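Structural description and commentary
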Amino acid sequence: MSYFAELLVNGALTGLMYSLVALGIVLIYKSSGVPNLAQGAVVLIGAYVVWLLVAAGLPLLGAVPIACVLMFGFGLAVERLLLRRMVGQPIIMVVMLTLGLEIFLRGLGPGLLGAAPKSLDLGIDLSPIIVGDVFINRDYLYGGVIALLLIGASLLFFRTRLGTKLRAVSDDHVSSWAVGISVERAIGISWGLAAVAAVAAGTLWGSVQGVDWTLSALLFPAVAVVILGGVDSIVGVLVGGLLVGILGSVVPGYLDSLVGGGTRDVVTSLIILFTIMVRPYGIFGREDIERI
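The model shown is predicted, which means the values in this text are computed figures rather than measured ones.

So, on to the overall build of the chain. Scanning the chain for helices and strands turns up 11 helices and 2 strands. For the chain, the N- to C-terminal ordering of α and β elements is α-α-α-α-β-β-α-α-α-α-α-α-α. Taken along its principal axes, the extent of the C-alpha atoms in the chain is 60 × 50 × 35 Å. Looking at the chain as a whole, 45% of its 292 residues qualify as buried. Sequence-distant contacts in the chain: of pairs separated by 6 or more residues, those separated by 24 or more amount to 77%. When the accessible area of the chain is evaluated, it comes to approximately 14,200 Å², of which 69% is carbon and sulfur surface. If you average the places of the 16 positive and of the 17 negative side-chain charges in the chain, the two averages end up 11 Å apart.

Before going further, it helps to spend a moment on the nonpolar core. Grouped together as the largest cluster of nonpolar side chains are 73 residues, with contacts concentrated most on L20, V21, M71, W205, L215, L218 and V244. A per-element tally of this core places helix α8 (residues 183-209) first, with 14 residues. For M71, the contacting residues outside a window of four places in its chain are V42, I45, G46, V49, A195 and V199.

A separate point is the environment of F220. As for its placement among the helices and strands, F220 is situated in helix α9 (residues 219-229). Along the backbone, F220 and R106 are 114 residues apart, and their C-alpha atoms lie at a distance of 14 Å. The contact partners of F220, leaving out residues within four places of it in the chain, are D265, T268, S269 and I272.

Okay, a nonpolar patch on the surface next. Residues Y3, F4, L8, Y254, L255, L258 and V259 make up a contiguous nonpolar surface patch of roughly 660 Å² in combined accessible area. Those elements that provide at least two residues to the nonpolar patch are α1 (2-32) and α10 (234-259). For the nonpolar patch, the element with the most residues is α10, which contributes 4 residues. Mapped onto the secondary structure, L8 falls in helix α1. Assessed through its relative accessible area of 31%, L8 is described here as partly exposed.

So, about the packing of α1 against helix α5 (residues 138-157). For the pair α1 and α5, interaxial distance at closest approach is 8 Å and the crossing angle is 35°. The handedness of the crossing between α1 and α5 comes out as left-handed. Of the residues in α5, those touching α1 at N10, L13, T14, L16, M17, S19, L20, L23 and L27 are D139, Y140, L141, G143, G144, A147, L148, L150, I151 and S154. Residues that form the contact of α1 with α5 fall into these classes: 12 nonpolar, 6 polar and 1 charged.

Here α10 is 26 residues long and its end C-alpha atoms lie 35 Å apart, about the 38 Å a rise of 1.5 Å per residue gives. Of all the bends in α10, the largest measures some 40° and sits at P252. Of the positions making up α10, those classed as buried are I234, G236, V237, G240, G241, V244, G245, G248, S249, V250 and P252. Check the buried side of α10 and you find it contacts α1, α5, α9 and α11 (263-278). Between the side-chain oxygen at the start of α10 and the backbone nitrogen of V235 there is a gap of 3.5 Å, and the oxygen is on S233. Among the residues trailing α10, G260 stands out with phi positive, at a value near 95°.

Next up on the list: the side chain of T268. One can find T268 in helix α11. Excluding residues that lie within four positions of it along the chain, T268 makes contacts with F220, P221 and A224.

Here the focus is the side chain of E79. If you trace the backbone, E79 turns up in helix α3 (residues 60-81). In contact with E79, not counting residues within four places along its chain, are R84, E184, I187, G188 and W191.

All right, on to the environment of I25 then. Here I25 is to be found in helix α1. By relative accessible area, which is 6% here, I25 ends up buried. Sequence-wise, I25 and D232 are 207 residues apart; in three dimensions their C-alpha atoms are separated by 8.9 Å. Setting aside chain neighbours within four positions, we find I25 in contact with N36, Q39, L219, A222, V223 and V226.

On to the packing of aromatic side chains, then. Within the structure shown, the criterion is met by 4 aromatic pairs. Between Y3 and Y254, the aromatic rings sit 5.5 Å apart at their centres with planes inclined by 80°, giving edge-to-face as the arrangement. In this pair, Y3 is assigned in helix α1 and Y254 in helix α10, connecting sequence segments 251 residues apart. Taking the relative accessible area as the measure of exposure, Y3 reaches 42% and is therefore partly exposed.

How each quantity is defined
Residues numbered from 1 in each chain as written. Predicted model: local features only at pLDDT ≥ 70, side-chain atom pairs only at ≥ 80, totals over all residues. Heavy atoms only, no water. Helix = DSSP H or I, 4+ residues; strand = E, 2+ residues; numbered from the N terminus. Buried < 20%, exposed > 50% of the residue type's maximum accessible area, 1.4 Å probe, protein only. Contact = heavy atoms within 4.5 Å. Areas by Shrake-Rupley, 256 points an atom, 1.4 Å probe, with all protein chains shown as cover. Lys, Arg positive; Asp, Glu negative; His and termini not counted. Charge placed at Lys NZ, Arg CZ, Asp CG, Glu CD. Core = buried A, V, L, I, M, F, W, Y, C linked by side-chain atoms within 4.5 Å. Patch = residues over 30% accessible without salt bridge, like charges linked within 9 Å, V, L, I, M, F, W, Y side chains within 5 Å. Salt bridge = Lys/Arg side-chain N within 4 Å of Asp/Glu carboxyl O. Axes fitted to C-alpha atoms, helices over the stretch in contact; angles between N-to-C directions. Left-handed = near helix turned anticlockwise from the far one by under 90°. Nonpolar A, V, L, I, M, F, W, Y, C, P; charged D, E, K, R; others polar. Expected span 1.5 Å × (residues − 1). Bend = angle between axes of the 7 residues up to and from the residue. Polar contact = N/O pair within 3.5 Å; in protein donor to acceptor, adjacent residues only side chain to side chain. Phe/Tyr/Trp six-rings, centres within 6.5 Å; stacked < 30°, edge-to-face > 60°.

See the structure below:
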């Protein structure tokens, strides 16, 4: 029973850290209606930026805010130089553009800085927290708490005036233009905010597994979180992350020893497939019904 509890707790905390990656996808979709498949590589670049600043001699508490500012500017540049050129194009081409950006950034970071993993030390004690017979990973615990705080901040943000404008842009670009909302500016801000979320996710995951190209692979579980929770729901990010994390921990915990490993990706894939087949708009996503 303690083994199951350990898988459950650490899986839930891992899922919260997945949610932090997925948050960037939802922020962009909720603000602009654009499906973003580049978030995994943006997390990678955010982690590299933090590592570079720390390697230059800055303390971590100083490096992260500076990285957030730099990555916010990066998000604005992506929207201005790439996404804005796609106005009026089919949505599938916008998706392909973000996928191309993902592949480009995934190769750019390691190509410039080397493929060897870089260590990012957050000063977290390596010894686990022991509750009864359950061992809790400190990295996942702190990461889960930070993810909860940022998800809560995102919920509050969309209740502000600026957040309301971003939601209006997502609902209808033409109507937003008609009432004086700068659609381009709103979409740029959404990309900037997603890049800031990527800094947090990249820093936390970089401390767990090192900073290298594998951070971009976090896109896969993040997409599962978004699809399961709902692509336009921040609450869905939280719930979807918990479910993906728990299933991705408990199921492999019992099956990997029987089949030789590798079941985590299978579980994630099945979550994506079954959700699309049964409830394509996710648990908390908005169901849009169009008359043909």
